[in-house]
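This is what each chain is made of:
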Amino acid sequence: MSTTILLTREHIYPAAAIISTFWVTLFQTIKVGAARKRAGIEYPQLYAEKAEVKASKDASIFNCTQRAHQNTLENLPSVLASTAILSLRHPLVAASICGIWSFSRVLYTIGYSTGNPARRNFFGAAAFSIISSTSLLLGSTWTLIELLRDIA
């Protein structure tokens, strides 16, 4: 038995939400590049060393900005895949949650790139990021269960 998946006009919203994640990573890339330049951290050095951080607030800001970007990249594959899967049956839900995740990552980056790691939860950004990525995981799992039930 097979399952037919019909793409509706509503599926443009998850596509737009997925594209928003690319804009988030571009925003972060630009912030990391600017912080790297201010701190004088040469490529291919991934982070400023402890001595550099002690000597310069800009080095600490660079490390925090770089970490915000890296953390986003670590989570991005599961966010993209779960958004795509959830959107098969629930496109507006998928788009909404992915959009919240993207917005929370912008706030997370703004807060974290102050150089104070505690500020990464700027306006609840870290919490919204965790809640939205977990919601996408649960929603995509439920969607797969629905699809498996349909073919059984």
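Residues numbered from 1 in each chain as written. Predicted model: local features only at pLDDT ≥ 70, side-chain atom pairs only at ≥ 80, totals over all residues. Heavy atoms only, no water.

As recorded in an unreviewed UniProt entry, the protein chain goes by Glutathione transferase and comes from Fibroporia radiculosa. The protein chain has a UniProt comment under Subcellular location (unreviewed entry) that states "Membrane". (UniProt positions renumbered as here; feature names shortened; annotations may be inferred.)

Enquirer: Give me the lowdown on the side chain of Q66, citing residues and values where you can.
Expert: Along the polypeptide, Q66 turns up in helix α3 (residues 57–87). The exposure class assigned to Q66 is buried, which follows from its relative accessible area of 7%. (Helix = DSSP H or I, 4+ residues; strand = E, 2+ residues; numbered from the N terminus. Buried < 20%, exposed > 50% of the residue type's maximum accessible area, 1.4 Å probe, protein only.)

Enquirer: Go over the packing of α3 against helix α5 (residues 125–151), please, and point to the residues and values.
Expert: Across the interface, α3 lies against α5 with an axial gap of 8 Å and an inter-helix angle of 40 degrees. One finds that α3 runs oblique with respect to α5. Judged by the sense of rotation from one axis to the other, the crossing of α3 with α5 is left-handed. Note on element contacts: α5 touches α3 through S133, L136, L137, G139, S140, T143 and L144, opposite V79, S82, T83, I85 and L86. Considering only residue class, the contact of α3 with α5 consists of six nonpolar, six polar and no charged. (Axes fitted to C-alpha atoms, helices over the stretch in contact; angles between N-to-C directions. Parallel < 35°, antiparallel > 145°, perpendicular 65-115°, else oblique. Left-handed = near helix turned anticlockwise from the far one by under 90°. Contact = heavy atoms within 4.5 Å. Nonpolar A, V, L, I, M, F, W, Y, C, P; charged D, E, K, R; others polar.)

Enquirer: With reference to specific residues and values, describe the UniProt feature "transmembrane region" (unreviewed entry) in the protein chain.
Expert: With numbering matched to this structure, UniProt assigns "transmembrane region" (unreviewed entry) to residues 12–30 and 122–145. Between the C-alpha atoms that bound residues 12–30 there is a distance of 27 Å. The span itself is 100% helix and 0% strand. For the annotated span residues 122–145, helix accounts for 88% and strand for 0% of the residues, and the straight-line distance between the end C-alpha atoms is 35 Å.

Enquirer: An account of the packing of aromatic side chains is requested, with residue identities and associated values reported.
Expert: The way to describe two aromatic rings as a pair is by their centre distance and the angle between their planes. Inspection of the entire model under this criterion finds two aromatic pairs. On the basis of an interplanar angle of 85 degrees and a centroid distance of 5.5 Å, the ring pair of Y108 and Y112 is categorised as edge-to-face. Of this pair, Y108 and Y112 are both found in helix α4 (residues 91–112), four residues apart, which corresponds to roughly one turn of the helix. Accessibility classification places Y108 together with Y112 in one group, the buried group. Ring centres of F122 and F123 lie 4.6 Å apart, and the angle between their planes is 65 degrees; this geometry places the pair in the edge-to-face category. The class of F122 is partly exposed, set by a relative accessible area of 23%. According to the relative accessible area criterion, F123 is exposed, its value standing at 65%. (Phe/Tyr/Trp six-rings, centres within 6.5 Å; stacked < 30°, edge-to-face > 60°.)

Enquirer: Pulling in residues and values, what's your account of the packing of helix α1 (residues 12–39) against α4?
Expert: As a packed pair, α1 and α4 sit with axes 8 Å apart at the nearest point and diverge in direction by 10 degrees. Taken together, the axes of α1 and α4 lie roughly parallel to each other. Side by side, α1 and α4 meet where Y13, P14, A17, I18, S20, T21, V24, F27, Q28 and K31 of the first sit next to P91, L92, A95, C98, G99, W101, S102, R105, V106, T109 and I110 of the second. When its residues are assigned to classes, the contact of α1 with α4 shows 13 nonpolar, six polar and two charged.

Enquirer: Explain the environment of P91 residue by residue, including any values.
Expert: Inspection of the secondary structure assignment puts P91 in helix α4. Filtering out sequence-adjacent residues up to four positions away, P91 remains in contact with E10, H11, P14 and L86.

Enquirer: Now, about unusual backbone geometry: what can you tell me, with residues and values included?
Expert: For the bond running from Y43 to P44, omega is 5 degrees, close enough to zero to count as cis. On the secondary structure map, P44 appears in the loop between α1 and α2 (50–55). Unusually for a residue other than glycine, F123 sits at a positive phi of about 55 degrees. Within the secondary structure, F123 is located in the loop between α4 and α5.

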